[in-house]
Amino acid sequence: MLKTLMGDHAVTKQFKTRADKFDFVEVKGSAAQFFKRVVRDLEFDVAEMAIMTQLIAKAHDKPYRLLPFVVMARFQHPYLVYNAERGALKPEDLHGKRVGVRSYSVTTGAWIRSILMEDHGVDISRVKWVTFEEAHDAEFRDPANVERAPAGKEIAAMLKAGEIDAAILGAIPTDPQLQPVIRDPEAAGKRWGEKHDGIQLNHLVVVKNTVPQSAADELYRLLVESKHAAGDPPMLPHGLEANRRNFEVAIDVAYAQRLIPRRYGVEELLR
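The paragraphs below set out a description of the structure included in this document. (Residues numbered from 1 in each chain as written. Predicted model: local features only at pLDDT ≥ 70, side-chain atom pairs only at ≥ 80, totals over all residues. Heavy atoms only, no water.)

Okay, the overall build of the protein next. Regarding its fold elements, the protein presents eight helices and 11 strands. When the 271 residues of the protein are sorted by exposure, 52% land in the buried category. Across the protein, the fraction of contacts at a sequence separation of at least 24, relative to all contacts at a separation of at least 6, is 72%. Summing over all exposed atoms, the protein offers an accessible surface of approximately 11,900 Å²; the carbon and sulfur share of this is 50%. Side-chain charges in the protein split into 38 positive and 38 negative, and the spacing between the mean points of these groups amounts to 2 Å. (Helix = DSSP H or I, 4+ residues; strand = E, 2+ residues; numbered from the N terminus. Buried < 20%, exposed > 50% of the residue type's maximum accessible area, 1.4 Å probe, protein only. Contact = heavy atoms within 4.5 Å. Areas by Shrake-Rupley, 256 points an atom, 1.4 Å probe, with all protein chains shown as cover. Lys, Arg positive; Asp, Glu negative; His and termini not counted. Charge placed at Lys NZ, Arg CZ, Asp CG, Glu CD.)

Attention shifts here to unusual backbone geometry. Unlike most non-glycine residues, Asp 184 shows phi in positive territory, near 45°. Examined against the element boundaries, Asp 184 turns out to sit in the loop between β10 (178-180) and α5 (185-196). The exposure class of Asp 184 is exposed, given its relative accessible area of 51%.

A few words on the pattern of salt bridges. What the rule picks out here adds up to 22 salt bridges. Taking the shortest distance from any N to any O, the salt bridge between Glu 118 and Lys 195 comes out at 2.8 Å. With Glu 118 in helix α3 (residues 107-120) and Lys 195 in helix α5, the pair connects residues that are 77 residues apart, well separated along the chain. Across the pair Arg 244 and Glu 241 runs a salt bridge whose closest N-O atoms are separated by 2.8 Å. Here Glu 241 and Arg 244 lie together in helix α7 (residues 240-256), a separation of three residues that amounts to about one turn. Look at Glu 241 and you get exposed, because its relative accessible area is 57%. (Salt bridge = Lys/Arg side-chain N within 4 Å of Asp/Glu carboxyl O.)

A separate point is the packing of α3 against α7. Relative to each other, α3 and α7 sit at 80°, their axes nearing to 10 Å. As the angle between them shows, α3 and α7 are arranged roughly perpendicular. Contacts between α3 and α7 involve Ala 110, Trp 111 and Ser 114 from the former and Val 249, Ala 250 and Val 253 from the latter. Among the residues making up the contact of α3 with α7, the classes are represented as five nonpolar, one polar and no charged. (Axes fitted to C-alpha atoms, helices over the stretch in contact; angles between N-to-C directions. Parallel < 35°, antiparallel > 145°, perpendicular 65-115°, else oblique. Nonpolar A, V, L, I, M, F, W, Y, C, P; charged D, E, K, R; others polar.)

What follows deals with the layout of surface pockets. Quantified by volume, the largest pocket comes out at close to 520 Å³. What lines the largest pocket is a set of 32 residues, among which Arg 74, Arg 102, Thr 108, Leu 169 and Gly 170 lie closest to the centre. Put simply, the parts of the chain that give the lining of the largest pocket at least two residues each are β3 (46-50), α3, α4 (155-161) and β11 (201-208). The element best represented in the lining of the largest pocket is α3, accounting for three residues. For the lining of the largest pocket, the class distribution of residues is 15 nonpolar, 13 polar and four charged. (1 Å grid on protein atoms, 1.4 Å probe; cavity = no way out; pocket = protein on both sides within 12 Å on 5 of 7 lines; lining within 4 Å. Points joined across faces, edges and corners; volume = space filled by probe spheres on them.)

This is the structure in structure tokens:
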């Protein structure tokens, strides 16, 4: 039995019925709450994993390899928000501002910073990033322009109180007071996808290196069957070639922000 961390997703619903092959840990909410246990404690044989966390783990020789199976992907543009009651805020206004994010190395944060750099000319070193927890990977060190929020503070409350100027949230807020910094984020996401010929990966699946290749192949087969049963959502591609460009862009993003020391080859991630 392989100890397995997997969140509840449409594409993993059928897969998670296979308790005959996998010892599933109970997940209430996002699987991200367990990621530290994956890359620090090496607790799981199979795990859902954020792409940026896995790239950083790769840099520190953590014994996991990626499977080219996407369980979560989205364009991140709507997740950077500001408090509209305190005046308008554009991406170009962020120099010198304080922006909250759960931790600096989280995947949504990395994608948002890349969007700001590439599409809006923002120098991310001139933004003060305010974090609320440490990175999943214990070895990662925040850059100098990162500070930790006071203990007990909550990101949306700080934004409403004016203690931070913008925030990268894990979900699109329903509060009309909180508006996207990037105008018309849906259209901006579509333009990004067309420009890069790819999508912004969030979570994939990793397998511990001690798991035999035959078992990993069977795991992958079961995941693909589960995805087929869910109707093959087009935003969640599987397979190396279907994801090659997505991996290349994610690697470039991580390297440009010095989350990793070099650009990995795509095949390196799978071994």
